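What follows is the residue order along each chain.
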Amino acid sequence: MTKPVFDRVALIGLGLIASSMFWAIKRGGLAGEVTGYARSQATRDTARDIGLCDRVCDTVADAVEGADLVVLCVPVGAMGSVAAEMAASLKSGAIISDVGSVKRAVIDAVQPHLPEDVHFVPAHPLAGTEHSGPESGFAELYDNRWCIIVPADKDTSPEAVAKLRALWEGMGANVDQMDADHHDLVLAVTSHAPHLIAYTMVGVADDLRRVTDSEVIKYSAAGFRDFTRIAASDPTMWRDVFLNNKDATLEILGRFTEELFALQRAIRTGDGDHLFDYFTHTRAIRRGIIEAGQDTEAPDFGRGAPKS
Ligand SMILES: NC(=O)c1ccc[n+]([C@@H]2O[C@H](COP(=O)([O-])OP(=O)(O)OC[C@H]3O[C@@H](n4cnc5c(N)ncnc54)[C@H](O)[C@@H]3O)[C@@H](O)[C@H]2O)c1
Ligand SMILES: O=C(O)C(=O)C[C@]1(C(=O)O)C=C[C@@H](O)C=C1
């Protein structure tokens, strides 16, 4: 039996990310006790019914009392108010972290509420599904996925960072470290703008009523199915992501629109060379990612004959 990384962990907000953390912590024997708090009675009842958390508390103060690590797993827009609510009950020396998809806005919202004798070490696991709520979690969610740790200050305790790293590694993740603004720009490109594009594409399809009546469902085995999966993600979470990573997302969408206009023009003017060169370039990027071993889920390109 491995030694737990923390004696007591508190998970605040019992949805997909927190419930997956709980099952992964249990799988790895990473904490002595895990307490949990959710705002709604219905969520707390469900959590108790399915054995999510060793102890489900009815107040955030009870959940964080005596905890060595507190992880805020609520939507980005709720982080500040939850931090304010729990601040007076935090144990001296505790590590406070979060899992929010945006980092600069969360740091600005949470930090002012925290007492000086705790360590604030924000983080973001790059793993999720389109499902939400306490029943959607599973222990394997973080296996081989990245978790980015974003220390709030330059003088954040290295011991606190190392302990949080050990927890995420114990849950199966690969851990990296980044500055908050850089994180927000990278995620605007790789996650936030793509989600907005998926939402838009599904909305466009829905506008074409005759398509959605039957054909979209019938033929959505291809790329569009991934769009509909992503566009089924939690509306509160994604509203908060866009409102709290405004600048980076707008910057990326501006660039995206420019490229889209150029492609649109190439189609209208019959500029096949532009389209071909563009697609050749993007294909090389995809192949580069796979060759560098950075997409562990990608199938080999070129199937060829089955290998005996
Ligand atoms: N879903 C993903 O793909 C994903 C991936 C990485 C990070 N995240 C981040 O993780 C966090 C949680 O996301 P999730 O997918 O687990 O969401 P979820 O909807 O499954 O769970 C969120 C939980 O927070 C609770 N909550 C909402 N407002 C609250 C408040 N004011 N006070 C207390 N509790 C409140 C909800 O009731 C729910 O239990 C978000 O910040 C999100 O940006 C999500
Ligand atoms: O797989 C999915 O459903 C996701 O969208 C997960 C995903 C992403 O990769 O964009 C979504 C938001 C996060 O903050 C991190 C991960």
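Everything numeric here is computed off the predicted structure, so don't read it as measured data. (Residues numbered from 1 in each chain as written. Chains lettered and ligands numbered in written order. Predicted model: local features only at pLDDT ≥ 70, side-chain atom pairs only at ≥ 80, totals over all residues.)

**A word on the overall build of the chain**
So, step 1. In terms of helices and strands, the chain carries 12 helices and nine strands.
So, step 2. At 22 Å, the chain has a C-alpha radius of gyration in line with the 19 Å of a compact globule built from 308 residues.
So, step 3. Considering the chain as a whole, with its 308 residues, one finds that 36% of them fall into the buried category.
So, step 4. By sequence separation, contacts in the chain at least 24 residues apart represent 74% of the contacts at least 6 residues apart. (Helix = DSSP H or I, 4+ residues; strand = E, 2+ residues; numbered from the N terminus. Rg over C-alpha atoms; globule rule 2.2 N^0.38 Å. Buried ≥ 20, exposed ≤ 12 C-beta atoms within 10 Å, placed from the backbone. Contact = placed C-beta atoms within 7 Å.)

**Focus on the site of ligand 1**
So, step 1. Taken together, 28 residues lie around ligand 1, and Gly13, Gly15, Ala78, Gly128 and Ser132 are the ones closest in.
So, step 2. Looking at the shell around ligand 1, the elements that each hand over two or more residues are α1 (16–28), α4 (79–86), β7 (123–125) and α10 (235–244).
So, step 3. Residue contributions to the shell around ligand 1 peak at three residues, all from α1.
So, step 4. Residue contributions to the shell around ligand 1 reach at least three from each of two domains, namely domain 1 (6–178) and domain 2 (182–291). (Near = placed C-beta within 6 Å. Domains from an automatic or database assignment.)

**Digging into α1**
So, step 1. The end-to-end C-alpha separation of α1 is 18 Å, in line with the 18 Å expected for 13 residues at 1.5 Å each.
So, step 2. Buried within α1 we find Leu16, Ile17, Ala18, Ser19, Ser20, Met21, Phe22, Ala24 and Ile25.
So, step 3. Check the buried side of α1 and you find it contacts β1 (6–12), β2 (31–37), β4 (69–72) and β7.
So, step 4. Once α1 ends, the next one or two residues include Gly29, with phi positive near 60 degrees. (Expected span 1.5 Å × (residues − 1).)

**Description of the sheet that holds β1**
So, step 1. If you walk across this open sheet you meet the six strands as β3-β2-β1-β4-β5-β6, and the pairing is parallel. Each edge of the open sheet carries a strand with a single partner, namely β3 (55–57) and β6 (119–120).
So, step 2. Along the sheet, α4 contacts β1, β4 and β5 (95–98); its crossing angle with β4, the most-contacted strand, is approximately 150 degrees.
So, step 3. Strands in contact with helix α6 (residues 158–170) are β1, β5 and β6; relative to β5, the strand with the most contacts, it is inclined by about 50 degrees. (Pairing = 2+ DSSP bridges. Axes fitted to C-alpha atoms, helices over the stretch in contact; angles between N-to-C directions.)

**Structural notes on the site of ligand 2**
So, step 1. Around ligand 2, the neighbouring residues are Ser101, Leu126, Ala127, Gly128, Thr129, Glu130, Ser191 and Ile230.
So, step 2. Considered class by class, the residues forming the shell around ligand 2 number three nonpolar, four polar and one charged. (Nonpolar A, V, L, I, M, F, W, Y, C, P; charged D, E, K, R; others polar.)

**Points about the sheet that holds strand β9 (residues 174–177)**
So, step 1. Pairing in this open sheet of three strands is mixed, and the strands run β7-β8-β9 from one edge to the other. Each edge of the open sheet is held by one strand with a lone partner, namely β7 and β9. The sheet shows a mean angle of 20 degrees between the axes of neighbouring strands, direction not considered.
So, step 2. As paired elements, strand β8 (residues 146–149) and β9 share four bridges and run parallel to each other. Looking across to β9, one finds that Ile149 is bridged to Gln177.
So, step 3. Strand contacts of α6: β7, β8 and β9, with the helix running at about 170 degrees to β8, the strand carrying the most contacts.

**Some thoughts on the domain arrangement of the chain**
So, step 1. Domain annotation for the chain reports domain 1 (6–178) and domain 2 (182–291).
So, step 2. The C-alpha centroid of domain 2 is placed 30 Å from the C-alpha centroid of domain 1.
So, step 3. Contacts between the two partners involve 14 residues from domain 1, matched on the other side by 17 residues from domain 2.
So, step 4. Looking at side-chain class alone, the side of domain 1 that touches domain 2 contains seven nonpolar, four polar and three charged residues.

**Notes on the packing of helix α7 (residues 180–207) against helix α11 (residues 246–269)**
So, step 1. Orientation of α7 relative to α11, taken along the N-to-C sense of each, is 65 degrees, at an axis distance of 9 Å. For the pair α7 and α11, the sense of crossing is right-handed. Contact with α7, carried on its side by Asp184, Leu185, Ala188, Val189, His192, Ala193 and Leu196, involves Ala248, Thr249, Ile252, Leu253 and Phe256 of α11 and no other residues of that element.
So, step 2. The residue inventory of the contact of α7 with α11, partitioned by class, reads nine nonpolar, two polar and one charged. (Left-handed = near helix turned anticlockwise from the far one by under 90°.)

**Details of unusual backbone geometry**
So, step 1. If you check the backbone angles, Cys53 has positive phi at about 85 degrees while not being a glycine.
So, step 2. Summarising the element assignment, Cys53 is placed in the loop between α2 (41–50) and β3.
So, step 3. Taking the C-beta count within 10 Å as the criterion, Cys53 has 27 such neighbours and is therefore assigned buried.
So, step 4. Of note in this structure, Asn144 is not a glycine but carries a positive phi near 60 degrees.
So, step 5. Relative to the elements of secondary structure, Asn144 occurs in the loop between β7 and β8.
So, step 6. Under the C-beta neighbour-count criterion, Asn144 is labelled exposed, with 11 such atoms within 10 Å.

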